[in-house]
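Structure at a glance
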Amino acid sequence: MIRIQTLHIEEFRGIRKLDLSLKGKNFGICGPNGTGKSGVVDAIEFCLTGDITRLSGQGTADLSVKHHSPHVDQRTNPEKANVTITGEIPSLGKTIKIHRTVKNPKKVEITPNDKTVKLIVAELETHPEFALSRREIVKYIITPPGQRSIDVQTLLRLDHIERLRKSFTTFNNKRRREAQEAGPNLRQAETDFKNALKIDKVESALILEKVNEKRLVLGLSPLTELTEDTSFKSSMETSKTEDKKPALRKAAALDDLEELQATLQSAEPSDLINSREAVKKSLEKLKDDEQALKIARRHGFIKTGLDLISDDVCPLCDTPWKADELREHLRKKILSAEEINKLLNQLRLNINTILEFLTERMQAISRVIQYSKELRPSIPYTEIDSYLKSLKESETALNDFLKDHSRVAPALKAATDSWWSPVAAQQAQIKGCTTAVKALPDTSAEDEARDTLSVAQDRYERLLKARKTAKDKKDRSTVAQKIMDHYNITVTEVLESIYDQVAQNFSSYYRAINREDEEKFVCKLTSE
């Protein structure tokens, strides 16, 4: 891509001033420790990319090019630290000059400053992989099969691949949560619609049968098919007494209230009890073991550290440690992290079960409050409103934990406190609302039919909307999952093919160097 002709280094790293004439050939640098060998490599990388890998990788803390590249005597004068390369671009047949100063490392001076030359230099900036330490090379050779694509990615500084993977993962997780959240809303919409028509299944034949019963009362022609555009109220005239009636519709409201009353009188469902107990047990375990969640969060970090071990020293903090003992120590932590991750996955399933029951109860209580407001005169609902707020607090606490696993205490309280049966004052107001609705004047058969069809129409439209939303969110989740899977598979295949190519090249180079007695040599890289 570029052949270096000359290299000028000034006040950079440990070099005061140095001019090298490389004449576009390969070269090696040798000399005692501390004579500036690494400084020459750093200078080439800096001039081409504006960065120095050794000052920006893992374990470099607060090191930076601007503050740690100038010669120690020019630490406060970064403008004096500069590197200039003249070179040849064979593909263009052009000679170029590249100049950078540490004061402004991202600004590069290119001569000639034409478009094609700038594109070549821009591409060079994305490929600093020529600056590899011995540890990186050794790690690359001994990496196990399952880790190869990740290590090739790290070795070649392809950070954008990991960033994109994380973006796809985040997007996929968000779409999956949305699909999961749409499920309870759809089930509740189906329940509300069934209650309006007093049916036990959402089937076209059954729906048309019940709707046509009401239409027959009003002398309307029966509906023959059920589509998204079907109107249960087609050709229905407004009742002359419509304006004199209360705002709410007695029959539909009474059905909702009586169903809630029956639910409150029944025992807490076993599915809810089991889920609350499982969540409580898991959250108590996490609360008692303060290190558990920390280990879970550090799973990837610990795994990276295990893969980096090559000497009797911690590869993350350089603390002396026998390699075998350190490997065993980190393996135990990984097993612990994997166990915690399994616990969290099961915890999510149980919490979602609780949230489904909570959603159903909150919607039922919201309707009681609405009916209490619509009665003329309205009746008190402060206790019911307080009950609704407590339900919402439990919902928020559980959802917050799913987003941030450190919020254990509020979620534990939400799982521990049983909200299935409201307190006496709350039940009294629910009963009071039911009694008030029952006391409303009875409507004629015609008005009752109109009310039923109006409520059923409203809930049918909400059901259709909930179905569409659930389908859209499920489709988006499916697409997001396919995109992430395809990306992961493709990236792994490409990166591992690079690794395989290195093994093949190594074999051919080794055979060439040792052709007298190793003509049939085949390289196979394995992890020890």
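Residues numbered from 1 in each chain as written. Predicted model: local features only at pLDDT ≥ 70, side-chain atom pairs only at ≥ 80, totals over all residues. Heavy atoms only, no water.

1. Quick look at the overall build of the protein
Rules: Numbered from the N terminus, helices here are DSSP runs of H or I no shorter than four residues, and strands are runs of E no shorter than two. A simple rule labels every residue: compare its accessible area, found with a 1.4 Å probe on the protein chains alone, to the largest value its type can have, and call it buried under 20%, exposed over 50%, or partly exposed in between. We call two residues contacting when some pair of their heavy atoms lies within 4.5 Å. Working definition of accessibility: Shrake-Rupley area with a 1.4 Å probe, residue cover restricted to the visible protein chains.
A count of helical and extended segments in the protein gives 16 helices and 5 strands. Expressed as a percentage of its 528 residues, the buried residues of the protein come to 39%. The long-range share in the protein, meaning contacts at least 24 apart out of those at least 6 apart in sequence, stands at 67%. Within the structure as shown, the protein displays about 30800 Å² of accessible surface, and the carbon and sulfur contribution to it stands at 51%.

2. Structural notes on the nonpolar core
Inclusion rule: Nine residue types can take part in a nonpolar core, namely buried Ala, Val, Leu, Ile, Met, Phe, Trp, Tyr and Cys, and a core is a set of them joined through side-chain atoms within 4.5 Å.
Within the largest apolar cluster, 46 residues are counted, with the highest numbers of intra-cluster contacts made by L283, L347, I365 and F401. Mapped onto this core, the elements with two or more residues apiece are α8 (250-265), α9 (270-288), α12 (323-374), α13 (382-403), α14 (408-416) and α15 (424-438). Here this core takes 15 residues from α12, the largest share from any one element. Listed in part, the 27 residues of the second largest apolar core include F12, I15, I89 and V117.

3. Remarks on a positive patch on the surface
Rules: Patch building starts from residues that exceed 30% relative accessible area and form no salt bridge, then joins like charges within 9 Å and nonpolar side chains (Val, Leu, Ile, Met, Phe, Trp, Tyr) within 5 Å. What makes a salt bridge here is a side-chain nitrogen of Lys or Arg within 4 Å of a carboxyl oxygen of Asp or Glu, nothing more. His is not counted, nor are the chain ends, whereas Lys and Arg count as positive and Asp and Glu as negative. Charged groups are reduced to one reference atom each: NZ for lysine, CZ for arginine, CG for aspartic acid, CD for glutamic acid.
A cluster of basic side chains, namely K174, R176, R177 and K403, defines a positive patch on the protein surface. Tracing the backbone shows R176 in helix α6 (residues 159-197). Taking the relative accessible area as the measure of exposure, R176 reaches 32% and is therefore partly exposed.

4. Observations regarding the pairing of strand β1 (residues 3-12)
Successive side chains on a regular strand alternate, one facing one side of the sheet and the next facing the other. Applied cut-off: Two strands make a pair as long as DSSP finds a minimum of two bridges between them.
Both β1 and strand β3 (residues 82-89) contribute to a ladder of 7 bridges, which runs antiparallel. If you follow R3 over to β3, its bridge partner there is E88. Two elements, β1 and strand β2 (residues 15-21), share 6 bridges in a ladder whose sense is antiparallel. Looking across to β2, one finds that T6 is bridged to S21. The hairpin turn running from β1 into β2, its antiparallel successor, is 2 residues long, and R13 in that turn takes a positive phi close to 55°.

5. Considerations on the sheet that holds strand β4 (residues 94-101)
Note the threshold: Axis definition: a line fit to C-alpha positions, over the contact stretch in the case of helices; interaxial angles, taken between N-to-C directions, run 0 to 180 degrees.
In space, the 5 strands of this open sheet follow the order β2-β1-β3-β4-β5, with antiparallel pairing throughout. Strands with a single pairing partner mark the edges of an open sheet, and in this sheet they are β2 and β5 (109-111). For this sheet, the mean inter-axis angle between neighbouring strands, taken without regard to orientation, is 10°. With respect to the sheet, helix α1 (residues 37-49) is in contact with β1, β2, β3 and β4, its orientation differing from that of β1 by roughly 105°.

6. Quick notes on the packing of aromatic side chains
Worth spelling out the cut-off: In this scheme Phe, Tyr and Trp rings, the latter by its six-membered ring, pair at centre separations within 6.5 Å, and the angle between planes marks the pair as stacked below 30 degrees, edge-to-face above 60, and tilted otherwise.
Scanning the entire structure with this criterion turns up 7 aromatic pairs. Plain terms: the ring middles of F193 and F232 are 6.3 Å apart, the flat faces sit at 25° to each other, and that makes the pair stacked. In this pair, F193 is assigned in helix α6 and F232 in the loop between α7 (204-217) and α8, connecting sequence segments 39 residues apart. Of the residues examined, F232 reaches a relative accessible area of 0% and is grouped as buried.

7. Let's talk about the side chain of H8
To keep it simple, the criterion reads: Side-chain atoms alone can form a polar contact between residues adjacent in sequence; in general such a contact is a pair of N or O atoms within 3.5 Å, and within protein one must be able to donate a hydrogen while the other accepts it.
Here H8 is to be found in strand β1. Looking at H8, the relative accessible area reads 18%, which means it is buried. A polar side-chain atom of H8 sits 2.9 Å from a polar atom in the side chain of E10. If sequence neighbours within four positions are ignored, H8 has contacts with K17, L18, D19, N82, V83 and T84.

8. A short note on unusual backbone geometry
Geometrically, the link from T111 to P112 is a cis peptide bond, its omega value of 0° lying close to zero. Counting through the fold element by element, P112 comes out in the loop between β5 and α3 (115-125). The omega torsion across R376 and P377 is -5°, close enough to zero to call that bond cis. On the secondary structure map, P377 appears in the loop between α12 and α13. Positioned with a positive phi, E11 is a non-glycine residue whose angle comes to about 50°. Among the structural elements, E11 can be located in strand β1. Residue classification places E11 among the buried residues on the basis of a relative accessible area of 11%. Despite not being glycine, R13 has its phi angle at roughly 55°, a positive value. Overall, R13 belongs to the partly exposed group, its relative accessible area being 22%.

9. Quick notes on the pattern of salt bridges
The tally for this structure, following the rule as stated, stands at 22 salt bridges. When salt bridges that share partners are traced, they join D192, D256, R367 and R459 into one network.

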